[in-house]
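# Architecture and fold: a report
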Amino acid sequence: MKQCVAVIFGGVSTEYLISLRSAANIIAGLRQAGYDLVLIGITPTGEWRRFEGRDEDIPADHWQESAILPPAENQLAASPADWFIQLCGRRPDCIFPAVHGVNCEDGVLQGLLTMLNIPYVGSGVLASAAAMDKVLTKKILSEAGIPVCPFVSVRRHELADQRDQVVDLIETRLGYPCFLKPSNGGSSIGTHRADHRSELLDALDDVSRFDREILIEPFINAREVEVAVLGNTSAEAGPLGEIITNGVQYYDYETKYMNEEGALVQIPADLPDDQAEQIRQIAFQAYHALGCAGLARVDFFIDRKTGTLYLNEINNLPGFTAISVYPKSWHLAGLPLPDLVDRLCRLAVEEFTATRRELA
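Let me sum up the structure you'll find in this document. (Residues numbered from 1 in each chain as written. Predicted model: local features only at pLDDT ≥ 70, side-chain atom pairs only at ≥ 80, totals over all residues. Heavy atoms only, no water.)

### Quick word on the sheet that holds strand 9 (residues 213–218)
- If you walk across this open sheet you meet the four strands as 6-9-7-8, and the pairing is antiparallel. The open sheet is flanked by strand 6 (152–155) and strand 8 (192–194), the only strands paired with a single partner. Averaged over neighbouring strand pairs, the angle between their axes works out to 25° when direction is ignored.
- When strand 7 (residues 178–182) meets strand 9, the two strands line up antiparallel, connected through five bridges. Its bridge partner being in strand 9, Lys181 is matched across the sheet by Leu215.
- Sitting on the sheet, helix 7 (residues 163–173) is in contact with strand 6, strand 7 and strand 9, with an inclination near 170° to strand 6.
- Relative to strand 7, helix 8 (residues 197–207) is tilted by about 10°, and along the sheet it contacts strand 7, strand 8 and strand 9. (Pairing = 2+ DSSP bridges. Helix = DSSP H or I, 4+ residues; strand = E, 2+ residues; numbered from the N terminus. Axes fitted to C-alpha atoms, helices over the stretch in contact; angles between N-to-C directions. Contact = heavy atoms within 4.5 Å.)

Here it is in structure tokens:
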């Protein structure tokens, strides 16, 4: 009997549309790998639906038109697991969350999936929450001796109550140009470069819409190198990828997903062997420091002027679109998409078994 995988996509997240693209690619890979699938979509307003329509309706965002709910008499459940099994129509052997962003990869969804007592792909609650919070990630990695960019963090209430002092602090510690992003967020949504005080003030106001905590760093003219990590207690890395931008200031949302001419991914990255190995080893160190499992993409900056290496961030549910670094890297390493998603499902079961504990 074929194993059943429940793929969860969508979500109440600014990265909803990117999730649909990742899900379409993951679903194609799982079908080629021979799994039975149950497709569960989360609408932007938070409703969960089973989808039994055409796969191509998902990336086009037409899936809600043919999504279904369980019969009303079945919606009363004694536990989260009962509810989810009713929604799926059967108990899946594994769950593949093809989701991104807040409410999806920040430990919120992982907490629910843990309560289902079903293996799921990716890191658990703690590692997911830590990796999603960029300020917390920097603090943890700094403690582990991993190089990160200098930074200042500002909370929304501090911006409201001490506006001038906040700006003075950023100017003193970091100067211009500086770069702002939500501490919890992804896909470069809500990011800004500021070259002077008025731009900084406007950027702080805008970024604060996306999260209560704002991360500010010096803007570094850097090469951007990304590492695809796979594994649980033992991890391995695919060939390093480098983002080559073309006529854009930085790798923003538009460049990543909408403007095909704005950037390209070079795999393998053009780096000396010793530097590539150094980056891989730091990626493994960071992966284990945060307690990641299954997969992550670890992103680095290499300062073009000084050659200094910084770990930028860890994405614990990286993009899985056809042009994303993660699946492309592993394909080049000899692990095509069907084999990659199969491996991730097996790692999920392995991690589920390894983390079991007696409750009485």
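### Quick look at the packing of aromatic side chains
- Here the structure, examined in full by the defined rule, presents seven aromatic pairs.
- Arranged with centres 5.0 Å apart and planes meeting at 80°, the rings of Phe9 and Trp63 form a pair that is edge-to-face. Separated by 54 residues along the polypeptide, Phe9 in strand 1 (residues 4–10) and Trp63 in the loop between strand 3 (48–51) and strand 4 (67–68) bring together distant segments of the chain. Comparing Phe9 with Trp63, the two get one shared label, buried.
- Ring centres of Phe320 and Tyr326 lie 5.6 Å apart, and the angle between their planes is 45°; on these two criteria the pair is classed as tilted. Both residues of the pair, Phe320 and Tyr326, count as buried.
- Directly above the ring of Phe219 sits Arg193, whose terminal nitrogen or CZ lies 4.4 Å from the centroid. (Phe/Tyr/Trp six-rings, centres within 6.5 Å; stacked < 30°, edge-to-face > 60°. Buried < 20%, exposed > 50% of the residue type's maximum accessible area, 1.4 Å probe, protein only. Lys NZ or Arg CZ within 6 Å of the ring centre and 35° of its normal.)

### What about empty space enclosed by the protein?
- Taken as a whole and judged by the stated rule, the model has two cavities of 30 Å³ or more.
- Within this model, the second largest cavity holds a volume of roughly 50 Å³.
- No other element matches strand 5 (residues 94–98), which puts three residues into the lining of the second largest cavity.
- Considering only residue class, the lining of the second largest cavity consists of nine nonpolar, one polar and no charged. (1 Å grid on protein atoms, 1.4 Å probe; cavity = no way out; pocket = protein on both sides within 12 Å on 5 of 7 lines; lining within 4 Å. Points joined across faces, edges and corners; volume = space filled by probe spheres on them. Nonpolar A, V, L, I, M, F, W, Y, C, P; charged D, E, K, R; others polar.)

### Regarding the nonpolar core
- Grouped together as the largest cluster of nonpolar side chains are 53 residues, with contacts concentrated most on Leu30 and Phe96.
- Looking at this core element by element, the count peaks at seven residues for helix 12 (residues 337–354).
- Among all residues touching Leu30, those that are not within four sequence positions of it are Val5, Val7, Tyr35, Leu37, Phe96, Val341 and Cys345.
- In this structure, Ala131, Val227, Ala283 and Val298 belong to the second largest nonpolar core, which totals 27 residues. (Core = buried A, V, L, I, M, F, W, Y, C linked by side-chain atoms within 4.5 Å.)

### Digging into the layout of surface pockets
- Approximately 700 Å³ is the volume attributed to the second largest pocket.
- Looking at the second largest pocket, it is lined by 22 residues, and the ones nearest its centre are Thr114, Tyr120, Phe352, Thr355 and Arg356.
- Elements supplying a minimum of two residues to the lining of the second largest pocket: helix 3 (108–116), helix 4 (125–132) and helix 12.
- Considered class by class, the residues forming the lining of the second largest pocket number 12 nonpolar, seven polar and three charged.

### What about helix 5 (residues 134–143)?
- Of the residues making up helix 5, those classed as buried are Lys134, Val135, Thr137, Lys138 and Leu141. All buried residues of helix 5 project into a common sector of 160° when viewed along the axis, lining one side. Structural note: helix 5 exposes Lys139 and Glu143 on the side pointing more than 90 degrees away from its buried face.
- Of the surrounding elements, those touching the buried residues of helix 5 are helix 4, strand 6, strand 7, strand 9, helix 10 (273–290) and strand 15 (309–315).
- Where helix 5 begins, the side chain of Asp133 points an oxygen toward the backbone nitrogen of Val135, at a separation of 3.2 Å. (Arc of directions from axis to C-beta. Polar contact = N/O pair within 3.5 Å; in protein donor to acceptor, adjacent residues only side chain to side chain.)

### As for the sheet that holds strand 1
- One open sheet accounts for five strands, arranged 4-3-2-1-5; its pairing is mixed. The open sheet has two free edges, formed respectively by strand 4 and strand 5, since each of these has just one partner strand.
- Pairing between strand 2 (residues 36–42) and strand 3: four bridges, direction antiparallel. Counted as the bridge partner of Ile42 is Trp48 from strand 3.
- Running at roughly 160° to strand 1, helix 1 (residues 16–32) makes contact with strand 1, strand 2 and strand 5 of the sheet.
- Sitting on the sheet, helix 3 touches strand 1, strand 3 and strand 5, and the angle it makes with strand 5 is about 170°.

### Points about the pattern of salt bridges
- Taken as a whole and assessed by the stated rule, the structure comprises 21 salt bridges.
- Notably, a salt bridge pairs Arg50 with Glu52, separated by 2.9 Å at the nearest N-O pair.
- By relative accessible area, which is 16% here, Arg50 ends up buried.
- Using a relative accessible area of 57% as the deciding quantity, one classes Glu52 as exposed.
- The partner of Arg193 in a salt bridge is Asp195, and the shortest N-O contact between them spans 2.9 Å.
- With relative accessibility at 25%, the residue Arg193 sits in the partly exposed group.
- What emerges from the salt-bridge pattern is a single network uniting Lys138, Lys181, Glu217 and Glu313. (Salt bridge = Lys/Arg side-chain N within 4 Å of Asp/Glu carboxyl O.)

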